[in-house]
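Fold and contact review
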Amino acid sequence: MVTMWWPCLVLALLSGLETSGFQRSPLRLLGKRSLREGVVDGIEVYSTKISCKVTSRFAHNVVTTRAVNRADKAKEVSFDVELPKTAFITNFTLTIDGVTYPGNIKEKEVAQKQYEKAVSQGKTAGLVKASGRKLEKFTVSVNVAAGSKVTFELTYEELLKRHKGKYEMYIKVQPKQLVRHFEIDAHIFEPQGISMLDAEASFITNDLLGSALTKSFSGKKGHVSFKPSLDQQRSCPTCTDSLLNGDFTIVYDVNRESPGNVQVVNGYFVHFFAPQGLPVVPKNIVFVIDISGSMAGRKIHQTRDALLKILDDMKEDDYLNFILFSTHVTTWKDSLVQATPANLEEARMFVKNIRDEGMTNINDGLLRGVHMLKDARERHLVPERSTSILIMLTDGDANTGESRPQKIQENVRNAIGGKFPLYNLGFGNNLNYNFLETMALENNGLARRIYEDSDANLQLQGFYEEVANPLLTNVEVEYPENAILDLTKNNYPHFYDGSEIVVAGRLVDSDMNNFKADVKGHGALNDLTFTEEVTTEKIILGNGEALSTFRWLDTVTVTQTGLSVTINRKKNMVVSFGDGVKFVIVLHQVWKKHPVHQDFLGFYVVDSHRMSAQTHGLLGQFFRPFDFEVFDIRPGSDPTKPDATMVVKSHQLTVTRGSQKDYRKDTSVGTKVLCWFVHNNGEGLIDGVHTDYIVPSLF
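Quantities reported herein were computed from a predicted structural model and do not represent experimental measurements. (Residues numbered from 1 in each chain as written. Predicted model: local features only at pLDDT ≥ 70, side-chain atom pairs only at ≥ 80, totals over all residues. Heavy atoms only, no water.)

1. Brief notes about the overall build of the protein chain
Regarding its fold elements, the protein chain presents 10 helices and 43 strands. In the protein chain, which comprises 699 residues, the proportion classed as buried is 47%. Considering only intrachain contacts with a sequence separation of at least 6, the fraction spanning at least 24 residues in the protein chain is 65%. Of the accessible surface of the protein chain, which amounts to about 35800 Å², a share of 50% is contributed by carbon and sulfur atoms. (Helix = DSSP H or I, 4+ residues; strand = E, 2+ residues; numbered from the N terminus. Buried < 20%, exposed > 50% of the residue type's maximum accessible area, 1.4 Å probe, protein only. Contact = heavy atoms within 4.5 Å. Areas by Shrake-Rupley, 256 points an atom, 1.4 Å probe, with all protein chains shown as cover.)

This is the structure we're talking about:
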């Protein structure tokens, strides 16, 4: 699997596919005929299916489009897919008249040259380009002979991030014509259990959506299906064009019995961390705003509107200031001030009077903001338990003062010194976004492009809401030394409400039974430590071909032909098959930190009367009643445990009275049951000897 990020992808098809067309199949030639509904310029796209499978926040998506050339000559068929910017392509194939041509995924520099060369030679190639706020666009075109069918199949994958308390799966719907079979089919599996699931479409009314949409979730599984008929796709009852043009969004969240959740599969682990209910850490925030001449008009109006709304959402424990930069740098106050009602009202008056002027001095604006935040901390002008954040908004490149991007990055990086994050908001398209993004990432922040649309002010507010409620600062995720390999990032300057920290790694010993994960951070009131005890004891189910691995922390039901297995979290596993035959494997958990006893499994047969008389094995030979007699009870070597003689299976045995635990009602302590113990490992009672029933690989 190739996992390059979208902006670094290109797909070039095999060189044998020429844009002049594929060899025409004589059996597929069609004469002139009336074109059926859904045919556009001789091409009918008769099937589009988007199949999504999400497991533990990781989405595997396959987009399959099938088309046929119903014209009487070769036609160009295009395949356009808009995908999330955070996704990456793992596979692409093109199938024409049953012959499949695989694609090759290349890194950006190599791909761009190969794409240009392929196009110049008249060969088929696909390229990924930016397309809007959340999307990258993949497009490929190919000539298809008359009567030929073509299938495009694109596979991409994405780690879903938690945003404002929900995971979002974003699908662009734009078939551009009526499609006989159109479907979005999403299956979600979350080991923690699904707490909510919803879906919405921007291009269709709720009434019409309801008739084409089904959604459900229970326990760990969720399902969403959007399957509009031809009539439901029409833009009007008599129209032949499609109304499917917009966004289809699936959102969900998971149950959180504890702040953290660790999932272990095949020697690898993923640690999800998202505590709830913590008090918000006060923040010290400086807004560094570009007011150069290029911000004139709607940009400056939208910036003022957004800042006014942000001021309404400030908390009284917060501290703030504004820095404006153009040719020169000006500040609202000399130092940070508390967000009291009086100060906020004064801040609103300042924001309302912001005007555009001059050039763009990014370097000096940012350095002034850094100095202000560090000075406030050093002079104890802000609370000790507070966090500092620097947010810059600009719409262009630096063109006065220090204008070299690399030098500005160096200056800002040295000034911040890892003390707090920098978030860069790039307004519009006329700017060096890579510069803003690199600078933000170097300083523990991120960059966001603000698009010049009517809702730009809402975009600014939306970003602020993401960072408005820090719950923890200086978060460190720790694991046992010498137990973990290939660990991803495990320290974060902030954890914000509604988000999630994700750390992945590999276990040194894939058979490790358990390990401990500690998350430490500074909260609003005190330092906090969250400990997650991880058990990797497995329940492995196999069907001869594939193995599925579960844990005793799971609650799940797996059903195959003639067999059903249900795991009830920390309790038992029920195996049912055939005509009502049922086994129960009970997890007996003893007292924690017991000096001798450990958790163990008990194997119970619930419906033994349904077993054949030929069923054997260590337990099977006792499924049917058998005759026995006990007599001559006499004192034994232990005065509390008498001996006796037992006659069973034509053998005369010496047995001793004792007790055993019955755990069917009380799985932890059990109930004492009096019984006779057979000596010599059951010799004379069981068929053969005890070693006949021991599987060496288990011990």
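Moving on from the model shown.
2. Examining the environment of lysine 571
In this fold, lysine 571 is placed in the loop between β36 (563-568) and β37 (572-577). Overall, the relative accessible area of 56% leaves lysine 571 in the exposed class. Considered as a pair, lysine 571 and histidine 588 are 17 residues apart in the sequence and their alpha carbons are 7.7 Å apart.

3. Describing the packing of aromatic side chains
The relation between two aromatic rings is expressed through the spacing of the ring centres and the mutual angle of the planes. In the structure shown here, the tally under the stated rule is 17 aromatic pairs. Ring geometry for phenylalanine 79 versus phenylalanine 152: centroids 4.8 Å apart, planes at 5 degrees, classification stacked. Placement of the pair is phenylalanine 79 in strand β5 (residues 75-84) and phenylalanine 152 in strand β10 (residues 149-159), with a sequence separation of 73 residues. With respect to class, phenylalanine 79 is no different from phenylalanine 152; both count as buried. When the centroid spacing of 5.2 Å and the interplanar angle of 25 degrees are considered together, the rings of phenylalanine 226 and phenylalanine 248 count as stacked. Placement of the pair is phenylalanine 226 in strand β16 (residues 221-226) and phenylalanine 248 in strand β17 (residues 246-254), with a sequence separation of 22 residues. Assigned by exposure class, phenylalanine 226 and phenylalanine 248 land together as buried. Through a chain of ring-to-ring contacts, three or more aromatic side chains come together here, namely Phe287, Phe322, Trp332, Phe350 and Tyr464. (Phe/Tyr/Trp six-rings, centres within 6.5 Å; stacked < 30°, edge-to-face > 60°.)

4. Brief notes about the side chain of asparagine 363
With respect to the helices and strands, the residue asparagine 363 is situated in helix α6 (residues 362-378). On the accessibility criterion, asparagine 363 (5% relative accessible area) is buried. A polar contact is formed between the side chain of asparagine 363 and the side chain of asparagine 411, at a distance of 3.1 Å. With residues near it in sequence (within four places) discarded, asparagine 363 still touches Glu402, Ile408 and Asn411. (Polar contact = N/O pair within 3.5 Å; in protein donor to acceptor, adjacent residues only side chain to side chain.)

5. Description of empty space enclosed by the protein
Evaluated as defined, the whole model comprises two cavities of 30 Å³ or more. Estimated volume of the largest cavity: approximately 100 Å³. Around the largest cavity, the lining residues are Phe287, Ile289, Thr303, Ala306, Leu307, Ile310, Ile391, Leu393, Leu425, Leu460, Phe463 and Tyr464. Contributing elements (two or more residues each) for the lining of the largest cavity: β20 (283-290), α4 (298-312), β24 (387-394) and α9 (456-467). Take the lining of the largest cavity: its biggest share by element is four residues, from α4. (1 Å grid on protein atoms, 1.4 Å probe; cavity = no way out; pocket = protein on both sides within 12 Å on 5 of 7 lines; lining within 4 Å. Points joined across faces, edges and corners; volume = space filled by probe spheres on them.)

6. Overview of the confidence of the model for the protein chain
Averaged over every residue, the pLDDT of the protein chain is 81; the share at 70 or more is 84%. With pLDDT under 50 throughout, residues 1-35 is counted as low confidence; its partners more than four residues away or in other chains account for 108 contacts. In this model residues 122-133 is a low-confidence stretch, pLDDT under 50, and it forms 55 contacts with partners more than four residues away in sequence or in other chains. (pLDDT = per-residue confidence, 0-100.)

7. A few points about the nonpolar core
Core analysis: the largest hydrophobic core is formed by 52 residues, its most contacted members being Phe79, Val150, Phe152, Phe203, Phe226, Phe248 and Ile250. The element best represented in this core is strand β3 (residues 43-55), accounting for five residues. Membership of the second largest hydrophobic core comes to 36 residues, among which are Phe287, Met314, Ala347 and Phe463. (Core = buried A, V, L, I, M, F, W, Y, C linked by side-chain atoms within 4.5 Å.)

8. What about the side chain of arginine 256?
Mapped onto the fold, arginine 256 is located in the loop between β17 and β18 (260-265). Within polar-contact distance, the side chain of arginine 256 engages the side chain of aspartate 253 at 3.1 Å.

9. A word on the packing of α4 against helix α5 (residues 341-352)
Put simply, α4 and α5 touch, their axes get as near as 10 Å, and they point 175 degrees apart. The orientation of α4 with respect to α5, classified from their angle, is roughly antiparallel. Contacts between α4 and α5 pair Arg304, Leu307, Leu308, Leu311 and Asp312 from the former with Leu344, Ala347, Arg348, Val351 and Lys352 from the latter. Residues of the contact of α4 with α5, tallied by class, amount to six nonpolar, no polar and four charged. (Axes fitted to C-alpha atoms, helices over the stretch in contact; angles between N-to-C directions. Parallel < 35°, antiparallel > 145°, perpendicular 65-115°, else oblique. Nonpolar A, V, L, I, M, F, W, Y, C, P; charged D, E, K, R; others polar.)

10. Overview of the sheet that holds strand β19 (residues 268-273)
One key point about sheets: their strands pair by backbone hydrogen bonds, in either a parallel or an antiparallel sense. The sheet built from four strands is open, its strands ordered β18-β19-β30-β28 with antiparallel pairing. Both edges of this open sheet fall to β18 and β28 (484-485), since each of them pairs with a single strand only. (Pairing = 2+ DSSP bridges.)

11. A closer look at α6
When the terminal C-alpha atoms of α6 are compared, their 24 Å separation across 17 residues agrees well with the 24 Å that a helix rising 1.5 Å per residue should span. Among all positions in α6, only Ile362, Asn363, Gly365, Leu366, Gly369, Val370, Met372, Leu373, Asp375 and Ala376 are buried. Backbone geometry just after α6 places histidine 380 at a positive phi near 55 degrees. (Expected span 1.5 Å × (residues − 1).)

12. Digging into the pattern of salt bridges
Scanning the model with the defined rule gives 27 salt bridges in all. Glutamate 345 is paired through a salt bridge with arginine 348; the nearest N and O atoms lie 3.2 Å apart. Of the two residues, glutamate 345 and arginine 348 are both situated in helix α5; the distance of three residues between them amounts to about one turn of the helix. What makes arginine 348 buried here is its relative accessible area of 18%. (Salt bridge = Lys/Arg side-chain N within 4 Å of Asp/Glu carboxyl O.)

13. What about the sheet that holds strand β11 (residues 162-163)?
Within the open sheet, the four strands sit side by side as β11-β12-β17-β14. Their pairing is antiparallel. Unpaired on one side and paired on the other, β11 and β14 (194-201) mark the two borders of the sheet. Taken together, the two bridges between β11 and strand β12 (residues 166-173) define a ladder with antiparallel strand orientation. From the neighbouring strand, arginine 162 faces β12, where its bridge partner is tyrosine 167.

14. A short note on the pairing of β12
A loop of two residues connects β11 with β12, the two strands running antiparallel in sequence, and lysine 164 in this loop sits at a positive phi of about 55 degrees. Examined bridge by bridge, β12 and β17 share seven bridges and lie antiparallel to one another. Within the sheet, the bridge partner assigned to glutamate 168 lies in β17 and is valine 251.

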